[in-house]
Amino acid sequence: MTLEEIKAPVAQEVATYHTEFNEILASRSQWLQEAMRILAESSGKMVRPVLTCLTAGMVAGQVPELAITSGILLELIHTATLIHDDVIDEAKTRRGKPTLGAIFDNRIAVLMGDFVLSSALIGAIQTRNLRIIGIVSRIGRELTEGEIRQYESAEGARLDIDNYFEVIKQKTAVLFASCAEVAAIAVEASEADIQRAARIGELLGLAFQIRDDIFDYYPSLEVGKPTGNDIREGKVTLPLLHTLLGPEGQSPEGIACRALIEDKRLDDEAIQHLIAFACEHGGIDYAEQRMQDLIDEAKALIGAYPDSPYRQSMLALADYIAERRK
């Protein structure tokens, strides 16, 4: 099922989401107006907005305005972190399109990221819901700390699966969890439902990141993005991590692969060698199985809710996250 088909029960709400996202970012600055237009055009798959709306519908049979607004605020925080990440990485493109830094320069891009962040915090206060204000306020800190921990792990060539899962929880899954959590809060769900919704979101977010990490091991033509980038930056993700920590990691080839990472000798030839090592020794299969386990757990929790178009689409969304090809 395509994402368009999945979002059918909440298509109107997602359309409202797009409109209000742009309204919140309205500005008197021509540069900011142009930047917000660029951001709107380069928005990704919109998995999180769909997750927010479907969660509210699945839990309560309706998607109130507060659920849409809260989801927008979380997406604004995420957008601000991406703008700042592009500046840090000196990235010229994102999803094949010029970054704000490439168009305006990095000084202006930083200020634009600050504008988006401030807009989210103002919007959070306007909800007058202290719990939602707290979630929106904390998410930027969590995402930032997760990114810093990932850089730390790369710099120290840390090979630790528990640490890997902690990092992807902070840098990715916490945002999915928060989207589902604010949706349940917005419909005044029970505490049990709020916690269940958050866990569903977290599981889907973990699976989403593992799928993204797996893409780094495939030819770029197959997934529509450059591959080997994570390894080039010293980020050892699950397929390679599992292989290096398994019996193969103690072989002469495995020891040589570890040395490449520890010594940061990561040219194109080394990257291709590391990718081949992970693929040939079951790293992809292992990562896909861990991802599927997370999806299965999420679907079991989704199954606790009465059958409805929302629940059916939530189950399909879980499958979409696992099966997507880009």
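How each quantity is defined
Residues numbered from 1 in each chain as written. Predicted model: local features only at pLDDT ≥ 70, side-chain atom pairs only at ≥ 80, totals over all residues. Heavy atoms only, no water. Helix = DSSP H or I, 4+ residues; strand = E, 2+ residues; numbered from the N terminus. Rg over C-alpha atoms; globule rule 2.2 N^0.38 Å. Buried < 20%, exposed > 50% of the residue type's maximum accessible area, 1.4 Å probe, protein only. Areas by Shrake-Rupley, 256 points an atom, 1.4 Å probe, with all protein chains shown as cover. Axes fitted to C-alpha atoms, helices over the stretch in contact; angles between N-to-C directions. Parallel < 35°, antiparallel > 145°, perpendicular 65-115°, else oblique. Left-handed = near helix turned anticlockwise from the far one by under 90°. Contact = heavy atoms within 4.5 Å. Nonpolar A, V, L, I, M, F, W, Y, C, P; charged D, E, K, R; others polar. Core = buried A, V, L, I, M, F, W, Y, C linked by side-chain atoms within 4.5 Å. Phe/Tyr/Trp six-rings, centres within 6.5 Å; stacked < 30°, edge-to-face > 60°. Salt bridge = Lys/Arg side-chain N within 4 Å of Asp/Glu carboxyl O.

What follows deals with the overall build of the protein. Per the secondary structure count, the protein includes 17 helices and two strands. Over its C-alpha atoms the protein spans a radius of gyration of 20 Å, differing by no more than 12% from the 20 Å that the globule rule assigns to 326 residues. With the C-alpha coordinates of the protein rotated into their principal frame, the extents come out at 60 × 50 × 35 Å. Residue burial in the protein is summarised as follows: out of 326 residues, 54% are buried. Looking at the protein as shown, the accessible area adds up to about 15100 Å², and 51% of this sits on carbon and sulfur atoms.

For any two helices packed against each other, one specifies the inter-axial angle together with the distance between the axes. For the pair helix 14 (residues 252–262) and helix 15 (residues 268–280), interaxial distance at closest approach is 11 Å and the crossing angle is 135°. Considering the angle they form, helix 14 stands oblique to helix 15. Regarding helix 14 and helix 15, the two cross each other, and that crossing is left-handed. Contacts between helix 14 and helix 15 pair Glu-253, Gly-254, Cys-257, Leu-260 and Ile-261 from the former with Ala-270, His-273, Leu-274 and Phe-277 from the latter. A per-class count over the contact of helix 14 with helix 15 returns six nonpolar, two polar and one charged.

Now for the nonpolar core. Counting residues in each nonpolar core, the largest one holds 108 residues, and the members touching the most others are Leu-100, Ile-210, Leu-240, Leu-317 and Ile-321. Looking at this core, the element that brings in the most residues is helix 9 (residues 161–186), giving 15 residues. With residues up to four places along the chain from it excluded, the contact list for Ile-210 reads Tyr-164, Phe-165, Ile-168, Leu-238, Ala-287, Met-291 and Leu-294.

This part covers the environment of Leu-244. Residue position: Leu-244 is located in helix 13 (residues 238–245). Under the relative-accessibility criterion, Leu-244 is labelled buried at 0%. Remark: the alpha-carbon pair of Leu-244 and Gly-254, spanning ten residues in sequence, is separated by 6.2 Å. With residues near it in sequence (within four places) discarded, Leu-244 still touches Leu-159, Val-236, Gly-249, Gly-254, Cys-257, Arg-258, Ile-261 and Phe-277.

Our focus in this paragraph is the packing of aromatic side chains. Evaluated as defined, the whole model comprises three aromatic pairs. With 6.1 Å between their ring centres and 50° between their planes, Trp-31 and Phe-104 make a pair best called tilted. Here Trp-31, found in helix 3 (residues 30–41), pairs with Phe-104, found in helix 6 (residues 100–104); they are 73 residues apart in sequence, far enough to count as distant. We classify Phe-104 as buried; its relative accessible area is 17%. Aromatic side chains Phe-176 and Phe-208 sit 5.2 Å apart centroid to centroid with 45° between the ring planes, which places their arrangement in the tilted category. Residue Phe-176 is located in helix 9, and its partner Phe-208 is located in helix 10 (residues 191–215); the two are separated by 32 residues in the primary sequence.

Time to look at helix 13. Across the eight residues that make up helix 13, a large majority, six, are buried. Among all positions in helix 13, only Leu-238, Pro-239, Leu-240, Leu-241, Thr-243 and Leu-244 are buried.

It is worth spelling out the pattern of salt bridges at this point. Taken as a whole, this structure holds 19 salt bridges when the rule is applied. One salt bridge connects Arg-149 with Glu-166, and the closest N-O pair in it is separated by 2.6 Å. Of this pair, Arg-149 sits in helix 8 (residues 130–155) while Glu-166 is found in helix 9, placing the two residues 17 residues apart along the sequence. Here Arg-149 falls in the partly exposed class, since its relative accessible area comes to 23%. For Glu-166, a relative accessible area of 41% puts it in the partly exposed group.

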